[in-house]
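Chain residues, written in single-letter form:
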Amino acid sequence: QVQLVESGGGLVQAGGSLRLSCAASGRSRFSINSMGWYRQAPGKQREWVAVITTGGFTNYADSVKGRFTISRDNAGNTVYLQMDSLKPEDTGVYYCTVDSKNIQTRLITSSWGQGTQVTVSS
(Lines give C-alpha, C1' and ligand atoms only; values in the text may rest on other atoms or scores of the structure.)
Protein backbone atom coordinates (compact mmCIF):
# COMPACT_ATOMS: atom_id res chain seq x y z
CA GLN A 1 0.00 0.00 0.00
CA VAL A 2 1.28 3.42 -0.96
CA GLN A 3 0.90 6.24 1.52
CA LEU A 4 0.29 9.77 0.33
CA VAL A 5 1.01 12.94 2.27
CA GLU A 6 -0.43 16.17 0.95
CA SER A 7 0.47 19.74 1.78
CA GLY A 8 0.06 23.26 0.50
CA GLY A 9 -3.59 24.07 0.99
CA GLY A 10 -4.78 27.28 2.58
CA LEU A 11 -6.78 30.47 2.22
CA VAL A 12 -6.17 32.78 -0.71
CA GLN A 13 -7.97 35.66 -2.36
CA ALA A 14 -9.49 35.30 -5.78
CA GLY A 15 -6.84 35.72 -8.44
CA GLY A 16 -4.15 34.35 -6.18
CA SER A 17 -2.09 31.19 -6.39
CA LEU A 18 -1.42 28.08 -4.35
CA ARG A 19 0.80 25.07 -4.90
CA LEU A 20 -0.22 21.66 -3.62
CA SER A 21 2.24 18.82 -3.08
CA CYS A 22 1.69 15.11 -2.62
CA ALA A 23 4.51 12.72 -1.71
CA ALA A 24 4.13 8.97 -2.19
CA SER A 25 5.92 6.38 -0.11
CA GLY A 26 5.55 2.73 0.72
CA ARG A 27 7.10 -0.14 2.66
CA SER A 28 7.11 -2.31 -0.46
CA ARG A 29 8.78 -1.48 -3.74
CA PHE A 30 6.32 0.01 -6.16
CA SER A 31 6.13 1.75 -9.47
CA ILE A 32 3.76 4.58 -10.18
CA ASN A 33 1.54 4.50 -13.23
CA SER A 34 -0.19 7.81 -12.83
CA MET A 35 -0.76 10.56 -10.30
CA GLY A 36 -3.64 12.98 -10.13
CA TRP A 37 -5.83 15.33 -8.19
CA TYR A 38 -9.52 15.40 -7.35
CA ARG A 39 -11.49 17.96 -5.39
CA GLN A 40 -14.72 18.06 -3.47
CA ALA A 41 -16.66 21.23 -2.79
CA PRO A 42 -19.12 21.40 0.13
CA GLY A 43 -22.32 19.58 -0.75
CA LYS A 44 -20.99 18.34 -4.08
CA GLN A 45 -19.55 15.13 -5.42
CA ARG A 46 -15.83 14.63 -5.75
CA GLU A 47 -14.64 15.68 -9.20
CA TRP A 48 -11.54 14.95 -11.18
CA VAL A 49 -9.11 17.87 -11.66
CA ALA A 50 -5.92 16.71 -13.37
CA VAL A 51 -3.71 13.71 -14.11
CA ILE A 52 -0.10 13.08 -15.09
CA THR A 53 1.21 9.74 -16.33
CA THR A 54 4.63 8.16 -16.06
CA GLY A 55 5.35 9.31 -19.58
CA GLY A 56 4.53 12.89 -18.70
CA PHE A 57 1.17 13.06 -20.40
CA THR A 58 -1.12 15.55 -18.66
CA ASN A 59 -4.80 16.23 -18.85
CA TYR A 60 -7.09 18.67 -17.09
CA ALA A 61 -10.73 19.24 -16.37
CA ASP A 62 -12.16 22.00 -18.53
CA SER A 63 -12.89 24.08 -15.44
CA VAL A 64 -9.18 24.39 -14.57
CA LYS A 65 -7.52 24.17 -17.98
CA GLY A 66 -5.15 27.09 -18.53
CA ARG A 67 -5.05 27.94 -14.81
CA PHE A 68 -3.74 24.78 -13.13
CA THR A 69 -0.55 22.90 -13.91
CA ILE A 70 0.22 19.37 -12.76
CA SER A 71 3.82 18.18 -12.59
CA ARG A 72 6.05 15.54 -11.00
CA ASP A 73 9.53 15.63 -9.51
CA ASN A 74 12.43 13.83 -11.18
CA ALA A 75 12.15 10.84 -8.88
CA GLY A 76 8.53 10.55 -9.87
CA ASN A 77 7.16 10.08 -6.38
CA THR A 78 5.92 13.60 -5.72
CA VAL A 79 3.20 15.32 -7.66
CA TYR A 80 2.42 19.02 -7.61
CA LEU A 81 -0.58 21.07 -8.55
CA GLN A 82 0.18 24.71 -9.29
CA MET A 83 -3.06 26.64 -9.10
CA ASP A 84 -3.11 30.15 -10.54
CA SER A 85 -5.90 32.66 -11.13
CA LEU A 86 -7.91 30.96 -8.41
CA LYS A 87 -11.65 31.50 -8.26
CA PRO A 88 -14.09 31.09 -5.36
CA GLU A 89 -15.54 28.07 -7.16
CA ASP A 90 -12.17 26.34 -6.80
CA THR A 91 -12.83 26.10 -3.06
CA GLY A 92 -12.89 22.57 -1.72
CA VAL A 93 -10.88 19.72 -0.32
CA TYR A 94 -8.23 18.58 -2.77
CA TYR A 95 -7.23 14.93 -2.82
CA CYS A 96 -4.16 13.40 -4.35
CA THR A 97 -4.50 9.96 -5.93
CA VAL A 98 -1.89 7.53 -7.22
CA ASP A 99 -2.22 4.35 -9.27
CA SER A 100 0.74 2.14 -8.43
CA LYS A 101 1.96 -1.40 -8.97
CA ASN A 102 3.61 -3.52 -6.30
CA ILE A 103 6.84 -4.75 -7.86
CA GLN A 104 6.69 -8.13 -6.12
CA THR A 105 2.99 -8.97 -6.32
CA ARG A 106 2.26 -6.95 -9.49
CA LEU A 107 -0.95 -5.85 -7.82
CA ILE A 108 -2.19 -2.47 -9.03
CA THR A 109 -3.90 -0.30 -6.48
CA SER A 110 -5.28 3.20 -6.19
CA SER A 111 -4.27 5.21 -3.15
CA TRP A 112 -5.73 8.45 -1.83
CA GLY A 113 -4.34 11.22 0.28
CA GLN A 114 -6.07 12.63 3.34
CA GLY A 115 -7.08 15.80 1.54
CA THR A 116 -6.03 19.41 1.94
CA GLN A 117 -8.42 22.35 2.20
CA VAL A 118 -8.27 25.11 -0.38
CA THR A 119 -10.41 28.18 0.26
CA VAL A 120 -10.63 31.01 -2.24
CA SER A 121 -12.29 34.18 -0.97
CA SER A 122 -13.99 36.66 -3.27
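Refer to the structure above for everything that follows.
All of these numbers come straight from a predicted model, not from anything done at the bench.

Rules behind the numbers
- Numbering of residues starts from 1 in every chain and runs along the sequence as written.
- Local features in a predicted model are, by the rule used here, given only for residues with pLDDT of at least 70; side-chain atom pairs are given and counted only at 80 or more, and totals for whole chains, interfaces and linings are based on all residues.
- Excluded from the side-chain calculations are hydrogens and water; all other atoms, namely the structure's heavy atoms, are used.
- Numbering of helices and strands runs from the N terminus, with a helix taken as a DSSP run of H or I at least four residues long and a strand as a DSSP run of E at least two residues long.
- The reference for a compact globule is 2.2 Å times residues^0.38; the radius of gyration itself is calculated from the C-alpha atoms.
- Working rule for contacts: check all heavy atoms of both residues, and any pair within 4.5 Å makes them a contact.
- His residues and chain termini do not enter the charge count, which takes Lys and Arg as positive and Asp and Glu as negative.
- To locate a charge, take atom NZ for lysine, CZ for arginine, CG for aspartate or CD for glutamate.
- Note on definitions: salt bridges are taken to be side-chain nitrogens of Lys or Arg within 4 Å of carboxyl oxygens of Asp or Glu.
- For every residue, the accessible area obtained with a 1.4 Å probe (protein chains only) is divided by the maximum for its type, and the residue is called buried under 20%, exposed over 50%, and partly exposed between those limits.
- Between the rings of Phe, Tyr and Trp (Trp by its six-membered ring), a pair exists once the centres lie within 6.5 Å; its type follows the angle of the planes, with under 30 degrees stacked, over 60 edge-to-face, and the other angles tilted.
- In this scheme, the term charge over a ring applies when either NZ of a lysine or CZ of an arginine sits within 6 Å of the ring centre and within 35 degrees of the ring normal.
- Throughout, a disulfide means two cysteine sulfur atoms within 2.5 Å of one another.

### What to know about the overall build of the chain
Counting its secondary structure elements, the chain contains 0 helices and 11 strands. Listing the helices and strands of the chain from first to last along the sequence gives β-β-β-β-β-β-β-β-β-β-β. Relative to its length of 122 residues, the chain is compact, with a C-alpha radius of gyration of 14 Å against a globular reference of 14 Å. For the chain, the share of sequence-separated contacts (at least 6 apart) that also reach a separation of at least 24 residues comes to 56%. If the 12 positive side-chain charges of the chain are averaged to one point and the 8 negative ones to another, these points end up 8 Å apart.

### As for the pattern of salt bridges
Scanning the model with the defined rule gives 4 salt bridges in all. The residue glutamate 47 makes a salt bridge to arginine 39 at a minimum N-O spacing of 2.6 Å. A relative accessible area of 5% means that arginine 39 is categorised as buried. Put simply, arginine 67 and aspartate 90 hold a salt bridge, and the shortest N to O gap is 2.8 Å.

### What to know about the environment of threonine 69
With respect to the helices and strands, threonine 69 occurs in strand 7 (residues 68–72). Taking the C-alpha atoms as reference points, threonine 69 and valine 79, separated by 10 residues in sequence, lie 11 Å from one another. Those residues in contact with threonine 69 that lie beyond four places of it in its chain are Tyr60, Tyr80, Leu81 and Gln82.

### Regarding the packing of aromatic side chains
Applying the stated criterion across every chain, the model contains 1 aromatic pair. In this structure, arginine 19 is placed above the aromatic ring of tyrosine 80, and the distance from its NZ or CZ to the ring centre is 4.0 Å. Between arginine 46 and the ring centre of tryptophan 112, over which it is positioned, the NZ or CZ distance is 4.9 Å.

### Remarks on the state of the cysteines
Tallied over the full model, the rule gives 1 disulfide. A sulfur-sulfur separation of 2.1 Å characterises the disulfide bridge that pairs cysteine 22 with cysteine 96. Since a negative S-S torsion denotes a left-handed disulfide, the cysteine 22-cysteine 96 link at about -80 degrees is left-handed. Of this pair, cysteine 22 sits in strand 3 (residues 18–26) while cysteine 96 sits in strand 9 (residues 92–102), placing them 74 residues apart in sequence. Residue class for cysteine 22 comes out buried when judged on its relative accessible area of 0%.

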